[in-house]
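An overview of the molecular structure
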Amino acid sequence: MTLIGKLLSLLNLLVGLGLLTWAVTTFTIRPGFFDPVPEGVTPGPRPADKLEPVTFAGEKREAELLFRQANLASGAWGDRFKLLTDLEKTRDARRANYQTRLEWARKGKDKGGVGFFNEKDPGVIPAGPEEPILGPDKQPLKGADVLEDQRAADVEALAKLAAQVQAARQKYAELGREIVRNDDRLVRMTAIRDQVQAEAFYLAAVEVTVYETRETVFRRKRQLDRRLAELGGR
């Protein structure tokens, strides 16, 4: 064997020993990626100062946990999305029903003008008949526009009645003045009547006196005539 061959053999031996040493060292101080999950370690996020050694088993468990959480979140999202869709449909239906209710509240449901009803299901118009809401006068509440028209008509009627009342007051004042004038006339007429009656009583008394005096004179005259006749006078 030549010197070069011996050197190469020695170099190969040294390299092999070095690789063996490196392999043994690497195996003995390798990271614990393949170690099982340490006891007492719970899955889930942890603070940075309490992180556990990273292992494939731990990462697998974390991945499974996250996968289950993702499935649960996806299912919850689907349920919530379905609930949201149903609520939006209910909202659209109620919006149309509320618009109808609003029209009733303004103009009334029918010719009677009743605009407010007790709802069996809030926001949804039931198919069956509804009981109208009664007001303080125990009558069904009518729509706002109907009440406004009625109020305007009542105001107009009230204005007419106020004008009639004013005219009646003026007529009453005129009648009062006429009554006062008639009372004054009655007082004057009563005074004149009393005066005329007093004069009539006086004249009646005077007439009686004159009549009696006249009868007395005529009677005395007849007596005198008879006496003269007896005495041979006329």
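Everything here concerns the structure above.
Below or above, wherever it landed, is the structure these notes cover. (Residues numbered from 1 in each chain as written. Predicted model: local features only at pLDDT ≥ 70, side-chain atom pairs only at ≥ 80, totals over all residues. Heavy atoms only, no water.)

**Remarks on the pattern of salt bridges**
Formally: Here, a salt bridge means any Lys or Arg side-chain nitrogen found within 4 Å of an Asp or Glu carboxyl oxygen. The helix and strand labels rest on DSSP assignments: H or I over at least four residues marks a helix, E over at least two residues marks a strand, and numbering proceeds from the N terminus. Throughout this description, buried means an accessible area under 20% of the type-specific maximum (1.4 Å probe, protein chains only), exposed means over 50%, and partly exposed covers the range between.
Throughout the structure, instances matching the rule amount to five salt bridges. Across the pair Glu148 and Arg151 runs a salt bridge whose closest N-O atoms are separated by 2.7 Å. Here the residue Glu148 and the residue Arg151 both occupy positions in helix α3 (residues 144–230), the gap between them amounting to three residues, near one helical turn. The exposure class of Glu148 is partly exposed, given its relative accessible area of 39%. Close ionic contact of Lys160 with Glu156 constitutes a salt bridge, the shortest N to O distance being 3.9 Å. On the criterion of helical spacing, the pair formed by Lys160 and Glu156 is a turn pair, its members being four residues apart in helix α3.

**Remarks on the packing of aromatic side chains**
To keep it simple, the criterion reads: Here a pair means two rings of Phe, Tyr or Trp (six-membered ring of Trp) with centres within 6.5 Å. Their orientation is stacked below 30 degrees between planes, edge-to-face above 60, and tilted elsewhere.
Under the counting rule described, the total for this entry stands at one aromatic pair. Geometrically, the ring pair formed by Trp77 and Phe81 is stacked, given 5.3 Å between the ring centres and 10° between the ring planes. One end of the pair, Trp77, and the other, Phe81, are both in helix α2 (residues 56–107), four residues apart, so they sit about a helical turn from each other. Of the residues examined, Trp77 reaches a relative accessible area of 58% and is grouped as exposed.

**A word on a nonpolar patch on the surface**
Where we set the bar: Only residues whose relative accessible area exceeds 30% and that form no salt bridge enter a patch; like-charged residues are grouped when within 9 Å of one another, and nonpolar side chains (Val, Leu, Ile, Met, Phe, Trp, Tyr) when within 5 Å. Throughout, the Shrake-Rupley method with a 1.4 Å probe supplies accessible areas, and for residues the shown protein chains are the sole cover considered.
Nonpolar side chains collect at one region of the surface, where Leu10, Leu13, Leu14, Leu17, Leu20 and Val24 lie side by side and expose about 570 Å² of accessible area between them. On the secondary structure map, Leu10 appears in helix α1 (residues 3–28). The class for Leu10 is partly exposed, based on a relative accessible area of 46%.

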